[in-house]
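Commentary on secondary and tertiary structure
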Amino acid sequence: MGRLPFIAGNWKMNKTVGEALDLARQMKTSLAKVDSVEVAVAPPFTALFAVGNELKGSRIVLAAQNLFWEEKGAFTGEISPAMLKEIGCGYVIIGHSERRQYFGETDETVNRRIKAAFKHGLKVIFCIGETLQEREEGKTFSVVERQMEGGLKGLKTEEARPMVLAYEPVWAIGTGKTATPEQAEEVHRFIRNKLGGLYSREIAGEIRIQYGGSVTPENIKGLMTQEDIDGALVGGASLQAETFSKIVRFREI
Ligand code: PEP
C-alpha cells in the first residue's frame, strides 16, 4: 500500500488564541472535503487547547511544536507529553532546526524527547537537515546520518513505525530558497535507505518523509512528484488558510 501524503503546518511563535481560532476555522472550511491527504497543524502552546476544540469533528490533527521528556515536576516553562496527550495532540514536532539553533537542542536531547513522546502515544515529526555551510562542505549525508543515529538511538522497530521524518535543509527554512525536487529527493532516498539499515526495508517503506523549507503552492507539486517525498512541513505558508489549503490540495494544482 502507498504512503498517505502528510502535510503539516508549523505556526511557530505566531497567532494569539483569537487569531489561531480564526485560522483554524478557515482551514476547517477550506479543507473539509480533503480525504486523501493527512493534515496537521501545530499552533503555539497557548492556542493548542482552543484550536484542538475547534478542530474536533474535522480531519485536521492537532500537533505540538515541542515537549519536555520528564513526566512532571520542577521544570519551569516546560510542557510534558501527558499534558499534550490530554488536550488531544496526535503529533509533536521534535528537533526542529530552530530549536537546535537557538535553544541548544542536541541529538541527545532530541532522542530523549522522541522516546518520551512514544511512551505517551504521541506520534513524532522528527526534523533533520544540514546548514548551508555543511552542504557546501559536502557534509549533507553525514550530518543527516548523525542526526538520525543520535535521535533514534535505542528506539525499537515498533516505536519507529508510526514516526514521520521531516528533511528540512536549514538554508531553505524561511529563506524563500527551496531545495529543488531533485536535491530534496536525493536526501530523502538516503534517509529511507538509512531507515532500512536501522530497522528493515519494510519499515523504511512505510515511514513517511516530509520535505520542509519554503514550501509554497507554487513548488509543492514538483516536490510531491518525487518518489520518496511523502508530504511537507510548512512554516510561513501555513499561516494563511488559503495558501495552506492550496498546498494540501496539491493534486488539484
Ligand atoms: C519550518 O519551519 O519547518 C519551515 C519549513 O518553515 P518555512 O516553510 O517558512 O521555510
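Up top is the structure.
Rules used in this analysis
Residues numbered from 1 in each chain as written. Predicted model: local features only at pLDDT ≥ 70, side-chain atom pairs only at ≥ 80, totals over all residues. Heavy atoms only, no water. Buried < 20%, exposed > 50% of the residue type's maximum accessible area, 1.4 Å probe, protein only. Helix = DSSP H or I, 4+ residues; strand = E, 2+ residues; numbered from the N terminus. Contact = heavy atoms within 4.5 Å. Core = buried A, V, L, I, M, F, W, Y, C linked by side-chain atoms within 4.5 Å. Pairing = 2+ DSSP bridges. Arc of directions from axis to C-beta. Right-handed = clockwise from strand over helix to strand, strands pointing away.

Things to note about helix α2 (residues 45–55)
Buried within α2 we find A47, L48, A50, V51, G52, E54 and L55. For α2, the elements touching its buried residues are α1 (17–30), β2 (38–42), β3 (60–64) and α3 (81–86). Downstream of α2 by one or two residues, G57 has phi in the positive range, about 85 degrees.

Examining the nonpolar core
The biggest cluster of nonpolar side chains holds 68 residues, and the ones touching the most others in it are L165, I191 and L195. Broken down by element, the residue count for this core peaks at five residues, all from helix α5 (residues 107–119). The residues contacting L165, other than those within four sequence positions of it, are F126, I128, M148, I191, L195, I207, R208, I209 and Q210. In terms of nonpolar packing, the next biggest core, distinct from the first, is built from 12 residues, F6, A8, Y91 and I93 among them.

Considerations on the pairing of strand β7 (residues 208–212)
Walk down a regular strand and you will see the side chains alternate between the two sheet faces. Of all five residues in β7, five are buried; the element is thus mostly enclosed. Neither face of β7 is open: one carries R208, Q210 and G212, the other I209 and Y211, and all of them are buried. As paired elements, strand β6 (residues 164–167) and β7 share four bridges and run parallel to each other. By the bridge assignment, V164 is partnered in β7 with R208. As paired elements, β7 and strand β8 (residues 231–234) share two bridges and run parallel to each other. If you follow Y211 over to β8, its bridge partner there is A232.

What to know about helix α12 (residues 241–248)
For α12, the full list of buried residues reads A241, F244, S245, I247 and V248. One side of α12 carries all its buried residues, which in axial view fall inside an arc of 160 degrees. Contacts from the buried residues of α12 go to β1 (6–10), α1, β2, α11 (220–224) and β8.

A short note on the pairing of β1
By the criterion of burial, β1 is predominantly enclosed, with five of the five residues buried. What you see with β1 is no split at all: F6, A8 and N10 on one side and I7 and G9 on the other are buried throughout. Relative to β2, β1 runs parallel, the two sharing five bridges. Opposite F6, over in β2, you have E38 as the bridge partner. Between the parallel pair β1 and β2, the chain is carried across by α1, and the sense of this crossover is right-handed. Pairing of β1 with β8 involves four bridges; the strand directions are parallel. Residue pairing for β8: A8 is matched across the bridge by L233.

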